[in-house]
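Listed here are the chains, written in short residue letters.
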Amino acid sequence: MNTIDKFEIKGRVIIITGGAGFLGKKHAEAILDGGGIPVLIDISNESLDRAKEELLKEYPEGIVEIYKADIKDRHAMEQLAVEICGKYSHIDGLINNAANNPKVEGDAKNMKNIRFEDFPIEMWMDDISVGLTGALVCSQVFGSVMAKQKKGVILNISSDLGIIAPDQRIYQKDGLKEEEQMVKPVTYSVIKHGILGLTKYIATYWAQKGVRANSLCPAGVFNNQNDDFLDKLSNLIPMGRMADSDEYKGTILYLLSDASSYMTGATVIVDGGRTCW
Ligand SMILES: NC(=O)c1ccc[n+]([C@@H]2O[C@H](COP(=O)([O-])OP(=O)(O)OC[C@H]3O[C@@H](n4cnc5c(N)ncnc54)[C@H](O)[C@@H]3O)[C@@H](O)[C@H]2O)c1
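Residues numbered from 1 in each chain as written. Predicted model: local features only at pLDDT ≥ 70, side-chain atom pairs only at ≥ 80, totals over all residues. Heavy atoms only, no water.

This next bit is on the site of the ligand. The immediate surroundings of the ligand are formed by 25 residues, with Leu-23, Asp-42, Asn-97, Tyr-188 and Lys-192 found nearest. The backbone of Gly-21 places a nitrogen or oxygen atom 3.4 Å from an oxygen atom of the ligand. Between the ligand and Asp-42 there is a distance of 2.5 Å, counted from an oxygen atom to a side-chain nitrogen or oxygen. Contact with the protein chains covers 87% of the free accessible surface of the ligand, which is 830 Å². Of all elements in the fold, only α1 (22-33) and α5 (186-205) reach the threshold of two or more residues within the shell around the ligand. Along the lines of polarity and charge, the residues of the shell around the ligand split into 14 nonpolar, seven polar and four charged. (Near = heavy atom within 4 Å. Polar contact = N/O pair within 3.5 Å; in protein donor to acceptor, adjacent residues only side chain to side chain. Areas by Shrake-Rupley, 256 points an atom, 1.4 Å probe, with all protein chains shown as cover. Helix = DSSP H or I, 4+ residues; strand = E, 2+ residues; numbered from the N terminus. Nonpolar A, V, L, I, M, F, W, Y, C, P; charged D, E, K, R; others polar.)

Shown next as structure tokens:
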């Protein structure tokens, strides 16, 4: 098989948690580009319908599945696995992508006080339950199907903040007292570092069962953030800019396909060089 053919994932069924979100839809495009079938799981019905409509407009020949479900709910995930296997008889991949994603940069408004000293325990529990427990549950349920099949791939979405600590200076605004300044929440760091541990655990646990697991650490994606924030962040990135939302698709397809067949337990950093500094 030639090298380019190894990137093909024709007919492979790949689940994306948080699939209706900003990057979830981009992951789905990468899967469709490779000939695969993306299965979007999300808690938002409206976003799921919109994502499916947009994807099918772009890929009229493609197949896109959507399911409204909460990834923390093991029973719901088990039912979903039965439904997907009933329809396709296999599950070939899982992207653990869902996370609470509070926007604290630029023009973010109406954020509760999430500074470290008073970070609410309820928020800690909720963030962890989506970002880590959700990834655990989905890996248990869908990963077990793949282990039985003796083939599959799990791709966990971490972040550059799974490697380095947030530089809180880039979220600061002139004229606010220190205690009023926005910060990246502590849960983001904990979850994104934790995802790397989960990946290495699964990679070694299922290595003999043909299930590979890797982490992708993307850096911030340009999404109309204001100029002040863009200047501060770009200054921390050797390439001098945020990512375009399409710039992870090549890596996603590589990690989902047989092109990465000898890769497991790896932490793949795609960040314009930010974590080198
Ligand atoms: N956007 C970035 O710049 C960036 C950078 C680095 C890493 N990441 C990571 O990439 C992933 C996706 O980011 P995004 O920007 O697309 O975020 P997003 O908020 O647009 O999407 C997350 C999706 O997850 C869904 N979700 C939340 N809780 C859920 C649950 N319990 N069950 C099912 N679905 C649930 C939300 O409805 C949403 O559609 C996240 O893990 C994020 O931390 C994003």
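Here the focus is the environment of Ile-91. Within the secondary structure, Ile-91 sits in the loop between α3 (74-88) and β4 (93-96). Linking Ile-91 and Ile-15, residues 76 residues apart in sequence, is a C-alpha distance of 7.9 Å. For Ile-91, the residues in contact, after removing those within four places along its chain, are Val-13, Ile-15, Ala-81, Ile-84, Cys-85, Phe-142, Val-145, Met-146, Gln-149 and Lys-151. (Contact = heavy atoms within 4.5 Å.)

Confidence along the protein averages 96 in pLDDT terms, with 97% of residues attaining 70 or more. Per-element confidence in the protein is highest for β4, whose mean pLDDT is 99, and lowest for helix α6 (residues 227-234), whose mean pLDDT is 96. (pLDDT = per-residue confidence, 0-100.)

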